[in-house]
Amino acid sequence: MNDINIKENQPLHNMWRMSVAPMMDWTDRHCRYLHRLLSQHTLLYTEMVTTGALIHGDVPRHLRFDPSEHPVALQLGGSEPADLAQSARLGAQWGYDEINLNCGCPSERVQRGSFGACLMNEASLVADCVKAMVDVVDVPVTVKHRIGIDKIESYDFVRDFVGTVADAGCEVFIVHARNAWLKGLSPKENREIPPLRYEMVSQLKKDFPQLTIAVNGGIKTDDTVLEQLQQVDGVMVGREAYHNPWWLTSWDALFYGDDSKERTRESVEEQMVLYMEREAREHGTHWYSIARHMLGLRNGLPGARRWRQTWSDHRLKTLPPHEVMKLARTKPADLPESATI
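Cut-offs applied
- Residues numbered from 1 in each chain as written.
- Predicted model: local features only at pLDDT ≥ 70, side-chain atom pairs only at ≥ 80, totals over all residues.
- Heavy atoms only, no water.
- Helix = DSSP H or I, 4+ residues; strand = E, 2+ residues; numbered from the N terminus.
- Contact = heavy atoms within 4.5 Å.
- Polar contact = N/O pair within 3.5 Å; in protein donor to acceptor, adjacent residues only side chain to side chain.
- Phe/Tyr/Trp six-rings, centres within 6.5 Å; stacked < 30°, edge-to-face > 60°.
- Buried < 20%, exposed > 50% of the residue type's maximum accessible area, 1.4 Å probe, protein only.
- Pairing = 2+ DSSP bridges.
- Core = buried A, V, L, I, M, F, W, Y, C linked by side-chain atoms within 4.5 Å.
- Expected span 1.5 Å × (residues − 1).
- Arc of directions from axis to C-beta.
- Axes fitted to C-alpha atoms, helices over the stretch in contact; angles between N-to-C directions.
- Parallel < 35°, antiparallel > 145°, perpendicular 65-115°, else oblique.
- Left-handed = near helix turned anticlockwise from the far one by under 90°.

Asks: Talk me through the environment of His176; I want residue IDs and the actual numbers.
Replies: Relative to the helices and strands, His176 is located in strand E6 (residues 172-180). Spatially, the C-alpha atoms of His176 and Gly148 are 9.4 Å apart, while their sequence positions differ by 28 residues. The residues contacting His176, other than those within four sequence positions of it, are Lys144, His145, Arg146, Ile147, Asn216 and Gly217. Polar side-chain contacts of His176 include one of 3.5 Å to the side chain of Asn216.

Structure (structure tokens):
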């Protein structure tokens, strides 16, 4: 399988061709470091960071990242243009390659802050927010949103939203191809119950050919990615990339024409251990909080369950990570009694 059938007019190194979605509690800087080891070109997103957390909180804690993570995008949550402009400026100063506005999260907590998916009801406000950010940063300002909210299933709704926001200077839209139901469904149910309608995203690309349109939602296979890249400019993958991270190792060759780097799970694990040791030295980060992101690395392989159990065993927290790696790689029959888990 290769990328020769992808739209001829689509630049091979369009930054949004492949990306890993912003996911709360998951895509922190440690997760992104792992994903960058697996793919050199995939665009990586932070967890959503609220404007309040940046304006009133610990900026380095929220914005620090490893230089190897580039290209990396900062996703912001907020609805006040001035606050978003201040936060976008901080993101650009810290070196992020893109500032993304969250207009897709349906959680009640986000709704209470008057941002996320409920902003789709206020396209003119989103346009004001985008313009405020575009005016103060030189990196792309993008929007991630749904195709509709609640029972609004008309294509006209999302078309008008995109048109209004594009007029304010947004040239890139990442579209989750489901409605967001603001009442009655949990965030998890919002990712599963509203039906996927990819055709609405491809119609946006037809109606706005000058814009970069990427699709998100329910994408789990190379075939689906290739099918979508026939219709739109990019594909964003969420939970499948997190639970089965080894999938990312095929993306550089398949979707960017770059097969220059060979990887093994063992070499990636070893690089993560070196990263754990460096994080402990420089920031006091315990390896346990980093290891949780790589538990899917050996999914589908013999011994994966015991390997995963070793790296997630709280009783081994006092050991240095290179010793935990050694235990994880030891066959059960070879384990000393004191190390049995």
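Asks: Now, about the packing of aromatic side chains: what can you tell me, with residues and values included?
Replies: Under the counting rule described, the total for this entry stands at 6 aromatic pairs. When the centroid spacing of 3.9 Å and the interplanar angle of 10 degrees are considered together, the rings of Tyr33 and Tyr275 count as stacked. Of the two residues, Tyr33 is situated in helix H1 (residues 29-38) and Tyr275 in helix H13 (residues 265-283); the sequence distance between them amounts to 242 residues. With a relative accessible area of 1%, Tyr275 lands in the buried category.

Asks: How would you explain the pairing of strand E4 (residues 98-103) if you had to name every residue and give the values?
Replies: Most of E4 sits out of view: 6 of its 6 residues are buried. The two faces of E4 match: Glu98, Asn100 and Asn102 on one face and Ile99, Leu101 and Cys103 on the other face are all buried. As judged from the 4 bridges shared by strand E3 (residues 72-77) and E4, these two strands associate in the parallel manner. Among the inter-strand pairings, Gln75 is bridged to a residue of E4, identified as Asn100. In the sheet, E4 pairs with strand E5 (residues 141-149) via 5 bridges, with the strands oriented parallel. In the sheet register, Ile99 faces E5, and the bridge partner there is Val141.

Asks: Summarise the nonpolar core; cite the residues concerned and give the values.
Replies: Counting 110 residues, the largest nonpolar core has Val143, Phe161, Phe173, Trp251, Phe255, Met272 and Trp311 as the members making the most contacts within it. In terms of residues, this core owes the most to one element, helix H7 (residues 155-166), which gives 7 residues. Excluding anything up to four places from it in sequence, Trp311 contacts Glu269, Val273, Met276, Trp287, Tyr288, Ala291, Met294, Leu295, Pro321, Val324, Met325 and Ala328.

Asks: If you had to explain H13 to someone new, which residues and values would you point to?
Replies: Across its 19 residues, H13 extends 26 Å between first and last C-alpha, which sits within 8% of the 27 Å expected from 1.5 Å per residue. Of the residues making up H13, those classed as buried are Arg265, Val268, Glu269, Met272, Val273, Tyr275, Met276 and Glu279. The buried side chains of H13 occupy one side of the element, clustering within an arc of 165 degrees when seen end-on. For H13, the exposed residues lying more than 90 degrees away from the buried face are Leu274 and Arg281. On its buried face, H13 is in contact with H1, helix H14 (287-291), helix H15 (304-311) and helix H16 (321-329). One or two positions beyond H13, positive phi appears at Gly284, with a value near 70 degrees.

Asks: Which residues make up the environment of Gly104, and what are the values?
Replies: Along the chain, the position of Gly104 falls in the loop between E4 and helix H5 (108-112). Taking the relative accessible area as the measure of exposure, Gly104 reaches 10% and is therefore buried. Along the backbone, Gly104 and Glu266 are 162 residues apart, and their C-alpha atoms lie at a distance of 37 Å. Ignoring sequence-local partners within four residues, the contact set of Gly104 consists of Gly116, Ala117, Lys144, His145, Arg146 and Ala180.

Asks: Please provide a residue-by-residue account of the packing of H15 against H16, values included.
Replies: A packed helix pair is summarised by two numbers, namely the angle formed by the two axes and the spacing between the axes. Across the interface, H15 lies against H16 with an axial gap of 8 Å and an inter-helix angle of 155 degrees. In terms of orientation, H15 lies roughly antiparallel with respect to H16. Where H15 crosses over H16, the two elements pack in a sense that is right-handed. Listed contacts from H16 to Arg306, Trp307, Thr310 and Trp311 of H15 are Pro321, Val324, Met325, Leu327, Ala328 and Arg329.

Take it as geometry only, folks, not as evidence of what the structure does.
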